[in-house]
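A structural walkthrough
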Amino acid sequence: MALDQGKDVAQATATGASAIHVKNLGKSFKLYDRPSALLRELITGRKHHAEYHALTGVSFDVGHGEVVGVLGRNGAGKSTLLKIVAGVLDHDEGDIKVNGRVAALLELGSGFSPEYTGRNNVLFGGMCLGMKKEEVLAKMDSIIEFAELGDVIDQPFKTYSSGMKARLTFATAISVDAEILIIDEALSVGDALFAEKCFKRIKEIAESGATIFFVTHSLGQIYELCDRAILLDRGKLLCDGLPRYVGHEYETLLARDRSKTAGKTLQETVLSRGLIKQEQADKLDAYVRVISLVDEDGFEATTLHYGERYKVMIQVQFNKHLPRAGVSFRVETPSGMTVFGDATAFHEVELSGAAGQTGHYAFSFRNVLAPGNYLVGGGVVELIEDAFNVLHVVRGNTLLTATGRPVTGMVDLGCEFEEVKKQTDNG
Ligand SMILES: Nc1ncnc2c1ncn2[C@@H]1O[C@H](COP(=O)(O)OP(=O)(O)OP(=O)(O)O)[C@@H](O)[C@H]1O
């Protein structure tokens, strides 16, 4: 995440002015076939580029203290919009006014200097965000504690893993007493536990009355955190309203995409999600390549409807011949509590795989989860006599949202209510 300058973007105007006011916003990018086309354009003065409209006619307002989530498919224009709102990218058309002190967490991977230590990066990053040196120094211990990086804070930043870098930039940015917090997908960074911790912190910031404008692909986060959501598609504002309504429209868009690729699911590999590195994976006898959840038609599901059947799909890559192996999965709450799980061993089934083979397995179940957010993970084990050796475990980092009627606890066992009898004292 890059830290972008905390700034008093436009002075707050009349009382009641929006925290963020966007009217007919437009942004185009010039696309050149090759670098020489730009040179030719400069020399000849003739146009040698195509225009790409990343945002067209986008209008909305975010009130002070409102928490608004931005949804949209890849390439919809979400990051472009956030950069313009944060004041780090110019727009071509329309008006934008931001009233209040802004802290922005934008693109991944840049912002801090690789040569400086983590501590110095917190200091300079914090100052770039508009804090005074003394203020950052006073907050230093709590930033390091939040990032859980006390052991390595005086090591150069370039030696940190990407998750560690994200933790430190996140911890620094949220330490700013900003009136408006702009976050681009920061909540999906790091492992599940840290993501949950960030989410809780953002919730506290929201409850303290700050305005939050953030991008996420997690409907669970939108439903739990937001007062409102907006949906962008191909640079246009498709809808703006209550989170459940906008979430439904977003899912309809995704479902339409899926029906175009009938039969195929949008599975991501564990490798591409950064949960394991190729070098590590190659050293294991077998590893979980893909873990996903699909509905009865085989489409990837992120929302679980009560009473419907789903399958947890696990793909295992075998690097070595394993004559006796097993797979398992686990559904957890974001805070790490196991709700349920299953394993081939409980079905008295043994699997096997040859080096180079990929095994595809499915556990199916009927969803009785209480409404809320859950994570799915899974693992592969090698069976040795009566014991097993865990080869690879993936803790879920994708939030699933279960929908249904409200109940107490984590499952809805289909409880029914009746008034049995009415009695007076004398019978
Ligand atoms: N600097 C740039 N030059 C050219 N095109 C760009 C530039 N930045 C963004 N775009 C294009 O604008 C479109 C919107 O990009 P943007 O990053 O805002 O999408 P997004 O909704 O954030 O996507 P994602 O969910 O994948 O992060 C994309 O087609 C992208 O290729």
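Where an unreviewed UniProt entry is consulted, the chain appears under the name ABC transporter ATP-binding protein, with the organism given as Mariprofundus erugo. Under Sequence similarities (unreviewed entry), UniProt gives the following word-for-word description of the chain: "Belongs to the ABC transporter superfamily."

A word on the overall build of the chain. For the chain, the count of helices and strands is nine helices and 20 strands. In the chain, which comprises 427 residues, the share counted as buried stands at 38%. Considering only contacts in the chain between residues 6 or more positions apart, those separated by 24 or more positions represent 72%.

Attention shifts here to helix α1 (residues 35–44). Within α1, only zero of the 10 residues are buried, which leaves the element largely exposed. One or two residues past the end of α1 sits glycine 45, with phi positive at roughly 75°.

Next up on the list: the site of the ligand. Every residue near the ligand is listed here: Phe29, Tyr52, Ala54, Gly72, Asn74, Gly75, Ala76, Gly77, Lys78, Ser79 and Thr80. Among the elements of the structure, β3 (50–62) and α2 (78–86) are those that each provide at least two residues to the shell around the ligand. With three residues, α2 is the single largest residue contributor to the shell around the ligand. Looking at side-chain class alone, the shell around the ligand contains four nonpolar, six polar and one charged residues.

A few words on the sheet that holds strand β17 (residues 358–366). Strand order in the open sheet formed by three strands is β11-β13-β17, with antiparallel pairing between adjacent strands. Both edges of this open sheet fall to β11 (286–295) and β17, since each of them pairs with a single strand only. For this sheet, the mean inter-axis angle between neighbouring strands, taken without regard to orientation, is 20°. Two elements, β11 and strand β13 (residues 309–318), share nine bridges in a ladder whose sense is antiparallel. Bridge pairing in β13 places isoleucine 291 opposite isoleucine 314.

With that settled, the discussion passes to the confidence of the model for the chain. With 87% of its residues at a pLDDT of 70 or more, the chain has an overall mean of 84. Looking at the elements of the chain, mean pLDDT is at its lowest for strand β1 (residues 3–9), recorded as 39, and at its highest for strand β16 (residues 351–353), recorded as 97. Across residues 1–15, where pLDDT falls below 50, the model places 48 contacts with residues more than four positions away in sequence or in other chains. Segment residues 259–266: pLDDT under 50, and eight contacts once partners within four positions in sequence are set aside and those in other chains are kept. Interface confidence for the predicted complex, expressed as ipTM, amounts to 0.95; the pTM equals 0.61.

The rules behind each value
- Per chain, residue numbering runs from 1 following the sequence as it is written.
- Totals for whole chains, interfaces and linings use every residue, but because this is a predicted model, local features are given only for residues with pLDDT of at least 70 and side-chain atom pairs only at 80 or more, for both listing and counting.
- UniProt positions are given in the numbering used here, feature names are shortened, and annotations may be inferred rather than shown by experiment.
- In this text, helices come from DSSP runs of H or I with a minimum length of four residues, and strands from runs of E with a minimum of two, each type numbered from the N-terminal end.
- Put simply, a residue is buried when 20 or more other C-beta atoms lie within 10 Å of its own C-beta and exposed when 12 or fewer do; between those, it is partly exposed, and each C-beta is set from the backbone.
- By the convention adopted here, residues make contact when the C-beta atoms placed from their backbones lie within 7 Å.
- We call a residue near a molecule or strand when the C-beta position, derived from backbone atoms, sits within 6 Å of it.
- Amino acids outside the nonpolar list (Ala, Val, Leu, Ile, Met, Phe, Trp, Tyr, Cys, Pro) and the charged list (Asp, Glu, Lys, Arg) are all regarded as polar, and Gly is one of them.
- A pair of strands is labelled paired if DSSP reports no fewer than 2 bridges between them.
- Axis definition: a line fit to C-alpha positions, over the contact stretch in the case of helices; interaxial angles, taken between N-to-C directions, run 0 to 180 degrees.
- The quantity known as pLDDT measures the predictor's confidence residue by residue, on a range of 0 to 100.

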